[in-house]
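What the coordinates show
The residues making up each chain are set out below.
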Amino acid sequence: MEFNGFQLISGAIDAAGQAALVEEVLAAANAAPFYRSLTPSGKPMSVEQTSLGAYGWTTDADGYRYEPVHPLTRQPWPPMPRSLLALWAVHTGGETPPDSCLVNLYREGAKMGLHTDSDEQDLTAPVLSVSLGDTAVFRLGGAARGDSSRTVRLTSGDVSVLAGPSRRFFHGVDRILAGSSRLVPGGGRINLTLRRARA
Ligand code: MD3
Ligand code: FE
């Protein structure tokens with residue numbers, strides 16, 4: 001489906017490719033462990049996160065931002081996997097490669113409130129997301145918070161590309177359908193969000 005530059009490629013990654021990505025990301029998470037960020041108002045996010053690539057998105061009392069090191073280990077993030085650079089090249093049609101991959105881990109009950117992605121220097125650069133594991137009920141709104149919204153189910157192996165107007169649209173994850181997949185050890189969903197943090 002396509003909507004204002006939002007493109008959902010259902011089943012873009014086959015079962016073997018999904019398993020390989022989960023394995024690669026979980027191996028990287030040994031060096032850069034998942035953690036729960038605090039929102040600027042001090043509430044822990046329900047989603048656990050880590051990052052790959054030159055920059056990782058994080059938040060605490062100092063606000064939302066990209067950082068070159070993991071906040072707990074103080075080490076650089078693990079490298080961006082080649083497989084993800086290849087996916088980006090295929091689905092964005094040769095845009096400048098991403099310098100950040102945010103890894104969101106949704107265990108049972110985790111969700112993400114309606115927000116825009118606006119911490120990147122160039123908000124015209126596309127965003128690419130990969131869904132792995134349990135199905136997400138994803139919400140896509142419009143440019144203003146009060147605009148009407150629609151829900152889209154994101155299932156394991158789906159790739160979404162956010163370009164054009166949709167790049168600035170409000171979006172969130174209402175809920176995860178727990179137990180809908182057996183891909184992620186321990187259950188849940190992993191979402192990979194590839195972005196260009198620095199112009
Ligand atoms: C629509 N993650 O990390 S990915 C995020 O499923 C985030 O974990 C969600 O929103 C998740 O910021 C959604 C799909 C996605 C990513 C970026 C977007 C949708 C987007 C940017 C603009 C509009
Ligand atoms: Fe987002």
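Everything below is about the structure shown above.
This write-up is about the structure you can find in this document. Sequence order as written defines residue numbering, which begins from 1 separately in each chain. Note on labels: chains are lettered from A, ligands numbered from 1, in written order. Whole-chain, interface and lining totals are the exception, using all residues; otherwise, since this is a predicted model, local features are given only for residues with pLDDT of at least 70 and side-chain atom pairs are given and counted only at 80 or more. Side-chain descriptors were evaluated using all non-hydrogen atoms of the structure, hydrogens and water having been removed beforehand.

Residues in close proximity to ligand 1 total 19 residues, the closest being Asn104, Tyr106, His171, Arg189 and Arg195. A 3.5 Å cut-off defines polar contacts: any pair of N or O atoms within that distance qualifies, except that in protein one atom must be a possible hydrogen donor and the other a possible acceptor, and neighbouring residues in sequence count only when both atoms are side-chain atoms. Between Asn191 and ligand 1, the recorded distance is 3.3 Å, taken from a side-chain N or O atom to an oxygen atom. Note on areas: these come from Shrake-Rupley sampling with a 1.4 Å probe, and a residue is covered only by the protein chains present in the view. Coverage of ligand 1 by the protein amounts to 98% of the 500 Å² it exposes when considered alone. When each cavity is represented as a set of grid points, ligand 1 is found to reside in the largest pocket. We call a residue near a molecule or strand whenever a single non-hydrogen atom of that residue lies within 4 Å of it. Think of a 1 Å grid over just the protein atoms. A cavity is a set of points where a 1.4 Å probe fits yet cannot get out, a pocket is an open set with protein on both sides within 12 Å along at least five of seven lines, and lining residues have an atom within 4 Å of a point. Assignment to a cavity or pocket requires that more than half of a molecule's atoms be within 2 Å of the site's grid points.

Note on soluble globular proteins: their nonpolar side chains tend to be buried together. Residues Leu84, Cys101, Val103, Val130 and Leu192 are the most contacted members of the largest nonpolar core, which totals 25 residues. The element that contributes the greatest number of residues to this core is helix H1 (residues 15–31), accounting for five residues. Once residues lying within four places of it in the same chain are set aside, the contact partners of Val103 are Val25, Phe34, Glu48, Gln49, Thr50, Ser51, Leu52, Ile190, Asn191 and Leu192. Joining through side-chain atoms within 4.5 Å is the link that ties buried Ala, Val, Leu, Ile, Met, Phe, Trp, Tyr and Cys residues into a set, and such a set is a nonpolar core. We call a residue buried when its accessible area falls under 20% of the maximum for its residue type, exposed when it is over 50%, and partly exposed in between, using a 1.4 Å probe and counting protein chains only. Phe6, Leu102, Ala136 and Ala197 belong to the second-largest nonpolar core, a separate cluster that totals 21 residues. Strands here mean DSSP runs of E at least two residues long; helices mean DSSP runs of H or I at least four residues long; both are numbered from the N terminus. Any pair of residues with heavy atoms lying within 4.5 Å of one another is described as a contacting pair.

A few words on the coordination of the iron ion (ligand 2). Think of it this way: four donors in a tetrahedron around the metal ideally sit 109.5 degrees apart, and six in an octahedron ideally sit 90 or 180 degrees apart. Only N, O and S atoms count as donors, using a 2.8 Å cut-off from the metal and 3.2 Å for Na, K and Ca, and because water is excluded some sites may appear unfinished. In this structure, His115 (NE2), Asp117 (OD) and His171 (NE2) serve as the protein donors to the iron ion (ligand 2), at separations of 2.0 to 2.2 Å. Of note, the iron ion (ligand 2) draws all its donor residues from one chain, in the sequence arrangement H-x1-D-x53-H. On the criterion of sequence distance, the pair formed by His115 in strand E7 (residues 112–115) and His171 in strand E12 (residues 171–176) is long-range, its members being 56 residues apart.

This part takes up helix H2 (residues 82–92). If you check which residues of H2 are buried, you get Leu84, Leu87, Trp88 and Thr92. Down the axis, H2 shows its buried residues gathered within 100 degrees of arc, on one side only. In H2, those exposed residues whose orientation departs by more than 90 degrees from the buried face are Arg82 and Val90. Tucked inside the fold, the buried residues of H2 contact H1, strand E6 (100–106), strand E8 (127–133) and strand E13 (189–195). Just downstream of H2, Gly93 is the residue with a positive phi angle, here 70 degrees. In this description, the arc belongs to the directions extending from the helix axis to the C-beta atoms.

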